[in-house]
Structures are given as C-alpha cells and as structure tokens.
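Results of the structural survey
Next come the chains, spelled out residue by residue.
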Amino acid sequence: MFGLGKKRSKFGKFLDSNGIIQEELSKASGVNRNTISRAAKDTGDPSMKNAAKIIRALKKAGYDVDYEDFWNL
C-alpha cells in the first residue's frame, strides 16, 4: 500500500488511492519530483505554475480533477 504511516495531503492521498507514481507524474507534468513529493507529504503547496502543470498532466491521463480538489490557491 502506498503512503503507509506517512502524513499525506489530499493530493498525496489521491496519488496513493489511484496508484499514481510520483516519478511518472513528474515526467508527465515537467514538475520536479521533489516538488511533487513535498505536495504529497503535506509540507507545502506547489506554486501556481507547478500546480497548473500537475493538474494538466492528471487531466490528460483521464482524471477529473481541479486545483480546489487539492490546494487552497
């Protein structure tokens, strides 16, 4: 199981429940994996620019998501 015992943000829980691998999302979105990791761990929201790239990549992969689903931007 992904994310066991880790403090996870809404974004991190979404990645875990959908089996999305951070490295693959990093490649698909062009966002640094460390940035994705921090957002998933609830240690900080990504910049608006990076959040837009992440959302775009998730939508392209078929997920019906938006910024408000994960972050208070």
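Please refer to the structure placed before this passage.
Residues numbered from 1 in each chain as written. Predicted model: local features only at pLDDT ≥ 70, side-chain atom pairs only at ≥ 80, totals over all residues. Heavy atoms only, no water.

**Re the pattern of salt bridges**
Just so we agree on the cut-off: Salt bridges are identified by distance alone: a Lys or Arg side-chain nitrogen within 4 Å of an Asp or Glu carboxyl oxygen. Secondary structure follows DSSP: runs of H or I at least 4 residues long count as helices, runs of E at least 2 residues long count as strands, and numbering of each begins at the N terminus. For the exposure calls, accessible area comes from a 1.4 Å probe over protein chains only, and a residue counts as buried if that area is under 20% of its type's maximum, exposed if over 50%, partly exposed in between.
Taken as a whole and assessed by the stated rule, the structure comprises three salt bridges. Across the pair Arg 8 and Asp 16 runs a salt bridge whose closest N-O atoms are separated by 2.9 Å. Where Arg 33 meets Glu 23, a salt bridge forms, and the shortest distance between an N and an O atom there is 3.7 Å. Within this pair, whereas Arg 33 is found in helix α3 (residues 33-40), its partner Glu 23 is found in helix α2 (residues 22-29), the two being separated by 10 residues in sequence. Exposure remark for Glu 23: the relative accessible area of 37% places this residue in the partly exposed category.

**Topic: the side chain of Ser 9**
In plain terms, the rule: Only heavy atoms matter for contacts: two residues are in contact if any of them lie within 4.5 Å across the pair.
Tracing the backbone through its elements, the reader meets Ser 9 in the segment before α1 (10-17). Residue class for Ser 9 comes out buried when judged on its relative accessible area of 8%. Not counting residues up to four positions away in its chain, the partners in contact with Ser 9 are Ala 39, Ala 40, Lys 41 and Asp 42.

**Concerning the packing of aromatic side chains**
What counts here: Two rings belonging to Phe, Tyr or Trp (six-membered ring only in the last case) form a pair when the distance between their centres is within 6.5 Å. Interplanar angles under 30 degrees mark stacking, angles over 60 mark edge-to-face geometry, and anything in between is tilted.
The final tally for this structure, using the stated rule, is five aromatic pairs. Relative to Tyr 63, the ring of Phe 14 has its centre 5.4 Å away and its plane inclined at 80 degrees; by these criteria the two rings are edge-to-face. Residue Phe 14 is located in helix α1, and its partner Tyr 63 is located in the segment after α4 (48-60); the two are separated by 49 residues in the primary sequence. Residue class for Tyr 63 comes out partly exposed when judged on its relative accessible area of 25%. On the basis of an interplanar angle of 65 degrees and a centroid distance of 5.4 Å, the ring pair of Phe 70 and Trp 71 is categorised as edge-to-face. Three or more aromatic residues link up through ring pairs in this structure, and these residues are Phe 11, Phe 14, Tyr 63, Phe 70 and Trp 71.

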